[in-house]
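# Fold and contact review
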Amino acid sequence: MFRNFFHKKVRISNLIESNTRHDDSNQLAKIPHSIDETLAALQTRLGESKDIIYRCFLLNQTNIRASIVYIDDLTDANMINNQVMKTVLSDLNDPPTKNDDLLSLYLFKFIDVGDVSKTHSISEVIEKILQGNTIFLIDGVSQAICIGTSKWETRSIEEPTVENTIRGPKESFTEDLKNNISLLRRKIKNENLRFLSLNIGETTKTDICISYLHKKADPSLVTEVKSRLENIDMEGILESRYLEEWIVDHPYSVFPQLDHTERPDRVAAMLMEGRIAIFCNGTPWVLIVPTIFMQFFTSPGDYYQNFYFSTFIRWLRFIASMLTLTIPAFYIALITMHQEMIPTQLALRIAGSRANVPFPAVVEAFLMEITFEILREAGIRLPKAAGQAVSIVGALIIGQAAVDAGIVSPIKIIVVSLTGICSFALPNYSLGLTIRLLRFPLMILASLLGIPGIAVALLALLTYMTSIKSFGLPYLSPLSPLTQGDFKDTLFRAPLFKLGNNKSKFGFKPKNKNEFDIEDEEQ
């Protein structure tokens, strides 16, 4: 029985493979000479869709059948009507006798659109149509003209929604890849700015773009980034996070290993440091590689204000991150095992406020922390008009009701509030998620081992962070390994004239000009 099932399974798999090979051969098939066969093949592959337009007509003075094919919602109707149709229906002074010559005449002389090319296969024709181009077919010719008429609705350039700054540019990326590239071009008007295009996703065929500064970025790093992106085997890419989980060095790590930003000025600054930016069509978030831990405590606004104040703000962010991670755990440890470390008057007040609380400190802490996380997520998911009000009012009402009911103590409400406020001070959302997640196992260790358990856990985290890398760059650099020259822009922000122009501030040392010139000559 199982043997028959196995043979049946093998036959089915062979049939699927043969059908796949047959489909691949059809995709690579050349365009038929007959325009009827070509249109039939396109209709078979694209299906019955109302938005796909097949416009057939006769060319003037030749009575040769022709057709244009395009998707209505992805193309510029004015360009098709005023430039394409008027051109192909205009009279020719001396029309050629051969259809192939007629196609070349339209291609090189008459179609007055900037982006015009020639295609030879059905698969190329379908790919161009799905990208918003218009296909021009002539009966008796096994080739087609692809006319760049793509145009669709896009979101206008607006202020950043997450990375807000008091001073600096008030523009952010959009979901359109071309607009994002143009925003970066406006920032960096340099001939060394490079863009490498990729297409990832078997179904979505998402456009991906790698951007870097030639003679700034390490060529081996560019090759590594391109290689990792090309090795992605996925059906669809809908957001840059899809790429991030495929190309990081440690995919199972809880720490963010790639930085992401929606600001063109930050991408430009990173490229000038020798970094590489990865653009993904359909999302305003751009990935920056490689990334180090100290990078998550910086903000674009740090460079638009006095360096003394920028250094002070960075220290506040670092302190806020440590408080967010450790305050609930220290509260549990002090209440449970180290009461002698609390001042006497404060200990008496805490003991009096916890007299009617029926739960131990760890249960009380988990109950309030999880409730706060639920309120935070509810505020994000609710409409903007009601989300903030509901989250704030809900926290006040629930906190006060929990204290009056004797479920939690007032000191725990203060601890939860301080933890939440400190978490909002972090400029990077991904790092905030990591810290919010890590504080729960830290609370469990504090309830079991007290302060020694917290110390061991923090030491284990620090040891782990020293072992991971982002595209070969140590995660804790320039602290580990120690690089004194790169301390100018970590927890301290030196004046801009001290940061330098030719050396990366994050551990990258671009090759000198002579080395790049030798490589260019070899290529």
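Before going into details, it helps to say that this report is about the structure given with it. Not measured: the values here are computed from a predicted model.

### Focus: the overall build of the protein chain
Scanning the protein chain from terminus to terminus reveals 18 helices and 12 strands. A fraction of 67% describes how many contacts in the protein chain between residues 6 or more apart in sequence connect residues 24 or more apart. When the accessible surface of the protein chain is split by element, carbon and sulfur atoms take 58% of a total near 28,200 Å².

### Quick notes on the sheet that holds strand β7 (residues 206-213)
Strands in a sheet are paired, the pairing made by backbone hydrogen bonds, and the direction either parallel or antiparallel. Overall, antiparallel pairing links the five strands, which are arranged β6-β7-β9-β10-β8 in an open sheet. A strand with exactly one partner marks an edge of an open sheet, and here the two such strands are β6 (193-200) and β8 (259-261). Neighbour-to-neighbour, the strand axes of the sheet open up by a mean angle of 25 degrees, direction not taken into account. Where β7 lies against strand β9 (residues 276-280), four bridges are found, and the strand directions are antiparallel. Bridging across to β9, C209 finds its partner in F279. Lying over the sheet, helix α8 (residues 240-247) contacts β6, β7, β9 and β10 (286-289), oriented at roughly 130 degrees with respect to β9. In the packing of helix α9 (residues 264-272) onto the sheet, the strands contacted are β6, β7, β8, β9 and β10, and the crossing angle to β8 comes to about 140 degrees.

### A short note on the packing of aromatic side chains
Scanning the model with the defined rule gives 12 aromatic pairs in all. In this structure an aromatic cluster arises from ring pairing among F255, F293, F297, W315, F318, Y464, Y475 and F492. Here R228 stacks its cationic end above the ring of F471, 4.1 Å away from the centre of that ring.

### Digging into the pattern of salt bridges
Per the stated rule, a full pass over the model turns up 21 salt bridges. Of the charged contacts in the structure, one is a salt bridge between R241 and E244, with a shortest N-O distance of 2.9 Å. Of this pair, R241 and E244 both sit in helix α8, three residues apart, which is roughly one turn of that helix. The class for R241 is partly exposed, based on a relative accessible area of 41%. E244 gets classed as buried once you look at its relative accessible area, which sits at 6%.

### What about the nonpolar core?
Counting 34 residues, the largest nonpolar core has F293 and Y475 as its most contacted members. When near neighbours in sequence (up to four residues on either side) are disregarded, F293 contacts L431, M465, Y475 and L476.

### Re the side chain of R436
As for its position among the elements, R436 is in helix α15 (residues 429-449). A polar contact is formed between the side chain of R436 and the side chain of E373, at a distance of 2.6 Å. The residues touching R436, leaving out its near neighbours within four places in the chain, are E373, R376, E377 and Y429.

### Description of the side chain of T149
Checked against the element boundaries, T149 lands in the loop between β5 (144-147) and α6 (177-187). Polar side-chain contacts of T149 include one of 3.5 Å to the backbone oxygen of G132. Setting aside residues up to four positions removed in sequence, T149 forms contacts with L74, T75, D76, M79, I80, V84, G132, N133 and T134.

### Thoughts on the pairing of β10
The side-chain alternation of β10 yields two buried faces, one formed by V286 and I288 and the other by L287 and V289. Pairing of β8 with β10 involves three bridges; the strand directions are antiparallel. Residue H260 lies in a different strand from β10, and its bridge partner there is L287. Pairing between β9 and β10: three bridges, direction antiparallel. Bridging across to β10, I276 finds its partner in V289.

### Let's talk about helix α5 (residues 122-130)
For an α-helix the count is 3.6 residues per turn, leaving residues at separations of three or four pointing the same way. Among all positions in α5, only I122, V125, I126 and I129 are buried. For α5, the arc enclosing every buried residue in end-on projection is 95 degrees, short of the 170-degree limit, so these residues lie on one face. Trailing α5 by a residue or two, G132 shows a phi angle of about 100 degrees, which is positive.

### Remarks on helix α10 (residues 307-336)
Here α10 is 30 residues long and its end C-alpha atoms lie 43 Å apart, about the 44 Å a rise of 1.5 Å per residue gives. Most pronounced at T326, the bend in α10 amounts to some 45 degrees, and the proline P328 follows within four residues. Between a side-chain oxygen at the N-terminus of α10 and the backbone nitrogen of Y308 the separation is 2.8 Å; the capping residue is N306.

### Digging into the packing of helix α2 (residues 35-46) against α5
Where α2 contacts α5, the axes come no closer than 11 Å and their chain directions differ by 60 degrees. Judged by the angle between their axes, α2 and α5 are oblique. Crossing of α2 over α5 shows right-handed handedness. Seen from α2, the contacting residues are T38, A41, L42, R45 and L46; seen from α5, they are I122, V125, I126, I129 and L130. Taken together, the residues of the contact of α2 with α5 break down into eight nonpolar, one polar and one charged.

### Concerning the sheet that holds β5
What the five strands build is an open sheet, ordered β1-β2-β4-β5-β3; its pairing is antiparallel. Edge positions in the open sheet fall to β1 (52-58) and β3 (116-119), since each of these has one partner strand only. Recorded for the sheet is a direction-independent mean angle of 20 degrees between the axes of neighbouring strands. Across four bridges, strand β2 (residues 65-71) lies against strand β4 (residues 134-138) in antiparallel orientation. Opposite S67, over in β4, you have L137 as the bridge partner.

### What to know about a nonpolar patch on the surface
Nonpolar side chains collect at one region of the surface, where W315, I319, L323 and F492 lie side by side and expose about 350 Å² of accessible area between them. Within the element layout of this structure, W315 appears in helix α10. Residue W315 is classed as partly exposed on the basis of its relative accessible area, which comes to 33%.

About the criteria used
- Every chain is numbered on its own, with residues counted from 1 as its sequence reads.
- Restriction of local features to residues with pLDDT of at least 70 applies here, the model being predicted, together with a cutoff of 80 or more for giving and counting side-chain atom pairs; totals for whole chains, interfaces and linings are based on all residues.
- Computation of side-chain values: all heavy atoms of the structure, hydrogens and water removed.
- Every helix listed is a DSSP run of H or I at least four residues long, and every strand listed is a run of E at least two residues long, numbered separately from the N terminus.
- Residue contacts are counted whenever heavy atoms from the two residues lie within 4.5 Å of one another.
- Each accessible area is a Shrake-Rupley estimate made with a 1.4 Å probe; only the visible protein chains count as cover when residues are assessed.
- For two strands to count as paired, DSSP must find a minimum of two bridges between them.
- As a rule, the C-alpha atoms of each element are fitted with a line to give its axis, helices using only the stretch in contact, and angles between N-to-C directions run from 0 to 180 degrees.
- Paired rings are identified among Phe, Tyr and Trp, the last through its six-membered ring, by centres lying within 6.5 Å, and are further divided according to the angle between planes into stacked (under 30 degrees), edge-to-face (over 60) and tilted (the rest).
- In this scheme, Lys NZ or Arg CZ marks a charge over a ring once it lies within 6 Å of the ring centre and within 35 degrees of the ring normal.
- Here, a salt bridge means any side-chain nitrogen of Lys or Arg that lies within 4 Å of a carboxyl oxygen of Asp or Glu.
- To sort residues, take the accessible area from a 1.4 Å probe on protein chains only and compare it with the maximum for the residue type: under 20% means buried, over 50% means exposed, and anything in between is partly exposed.
- By nonpolar core is meant a set of buried Ala, Val, Leu, Ile, Met, Phe, Trp, Tyr and Cys residues that side-chain atoms within 4.5 Å join together.
- We call two N or O atoms a polar contact when they sit within 3.5 Å, provided that within protein one can donate a hydrogen and the other can accept it, with sequence-adjacent residues counted only if both atoms are side-chain atoms.
- Read the arc as the range of directions from the helix axis to the C-beta atoms.
- To estimate the expected span of a helix, count its residues, drop one, and scale the result by 1.5 Å.
- To get the bend at a given residue, fit one axis to the seven residues ending there, fit another to the seven starting there, and take the angle between those axes.
- The cut-offs work like this: below 35 degrees is roughly parallel, past 145 is roughly antiparallel, 65 to 115 is roughly perpendicular, and the gaps in between are oblique.
- Crossing handedness follows the turn of the near helix against the far one: under a right angle anticlockwise gives a left-handed crossing, and clockwise gives a right-handed one.
- Note that Gly is not counted as nonpolar here; it falls among the polar residues with everything else outside the nonpolar set of Ala, Val, Leu, Ile, Met, Phe, Trp, Tyr, Cys and Pro and the charged set of Asp, Glu, Lys and Arg.
- Only residues whose relative accessible area exceeds 30% and that take part in no salt bridge are eligible for patches, with like-charged residues grouped when within 9 Å of each other and nonpolar side chains (Val, Leu, Ile, Met, Phe, Trp, Tyr) grouped when within 5 Å.

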